[in-house]
Amino acid sequence: MIVVIMVYYIKSVYPVAWLLIFGVFRRSTPFHMQPADFTRLPANQQLDTLYYAGDILANRYEGDQIFLLYNLRDFYVELCYDAYRSNLQNVAAFRDTDRLEPYLPYLN
């Protein structure tokens, strides 16, 4: 009974956790999200998706902003944080490799 209650709680309160239970975000599972799908997710689900399914490629600093570059299978996600306030300012999902140019010095 407790397991059923926990699964129901996780399913209803935290949808990403429900997906993790069944392995949707396992690296061996095909990931079919498009950049537009990613940007339509709520901010907390975007961050969870990056944490569980993304690979961080690089970070860079520009003034008081921190930029983090992630790879999600076939597209990239750039997060922009305010370094002083520690809050997320912008999330951009893209496939265009021209947007990777600022990160080239930081990629191995």
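Everything that follows concerns the structure shown earlier in this document.
This one's a predicted model, so the numbers in the text were calculated from it and none came from an experiment.

A.B. asks: Looking at this structure, I do not really get the pattern of salt bridges. What am I missing?
C.D. replies: A side chain of one charge can pair with a side chain of the opposite charge if their charged atoms are brought near each other. Applying the stated criterion across every chain, the model contains 6 salt bridges. Put simply, arginine 95 and aspartate 74 hold a salt bridge, and the shortest N to O gap is 3.1 Å. Placement of arginine 95 in the segment after β4 (87-94) and of aspartate 74 in the loop between β2 (65-72) and β3 (75-82) is noted, with a sequence separation of 21 residues between them. On the basis of relative accessibility, which here comes to 40%, the residue arginine 95 falls in the partly exposed class. With relative accessibility at 41%, the residue aspartate 74 sits in the partly exposed group.

A.B. asks: Would you mind going over the nonpolar core with me for this structure?
C.D. replies: Grouped burial of nonpolar side chains is what soluble globular proteins tend to show. Met33, Phe38, Leu50, Ala53, Leu68, Tyr70, Leu72, Phe75, Val77, Leu79 and Ala93 together form the largest nonpolar core, which totals 11 residues. Apart from the residues lying within four places of it in its own chain, the contact partners of alanine 93 are Pro35, Phe38, Thr39, Phe75, Tyr76 and Val77. Core analysis: the second largest hydrophobic core is formed by 9 residues, Phe67, Leu69, Leu100 and Tyr103 among them.

A.B. asks: For this particular structure, what's the right way to read the packing of aromatic side chains?
C.D. replies: To describe a pair of aromatic rings, you give the distance between the ring centres and the angle between the ring planes. Under the counting rule described, the total for this entry stands at 3 aromatic pairs. Taking 4.8 Å as the distance between ring centres and 90° as the angle between the ring planes, the aromatic pair formed by tyrosine 51 and tyrosine 52 counts as edge-to-face. According to the relative accessible area criterion, tyrosine 51 is exposed, its value standing at 63%. Classification of tyrosine 52 as partly exposed rests on a relative accessible area of 36%. The side chain of arginine 60 reaches across the aromatic face of phenylalanine 67, ending 4.1 Å from its centre. Taking the ring centre of tyrosine 103 as reference, the NZ or CZ of arginine 60 above it sits at 4.8 Å.

About the thresholds
- Residues numbered from 1 in each chain as written.
- Predicted model: local features only at pLDDT ≥ 70, side-chain atom pairs only at ≥ 80, totals over all residues.
- Heavy atoms only, no water.
- Salt bridge = Lys/Arg side-chain N within 4 Å of Asp/Glu carboxyl O.
- Helix = DSSP H or I, 4+ residues; strand = E, 2+ residues; numbered from the N terminus.
- Buried < 20%, exposed > 50% of the residue type's maximum accessible area, 1.4 Å probe, protein only.
- Core = buried A, V, L, I, M, F, W, Y, C linked by side-chain atoms within 4.5 Å.
- Contact = heavy atoms within 4.5 Å.
- Phe/Tyr/Trp six-rings, centres within 6.5 Å; stacked < 30°, edge-to-face > 60°.
- Lys NZ or Arg CZ within 6 Å of the ring centre and 35° of its normal.

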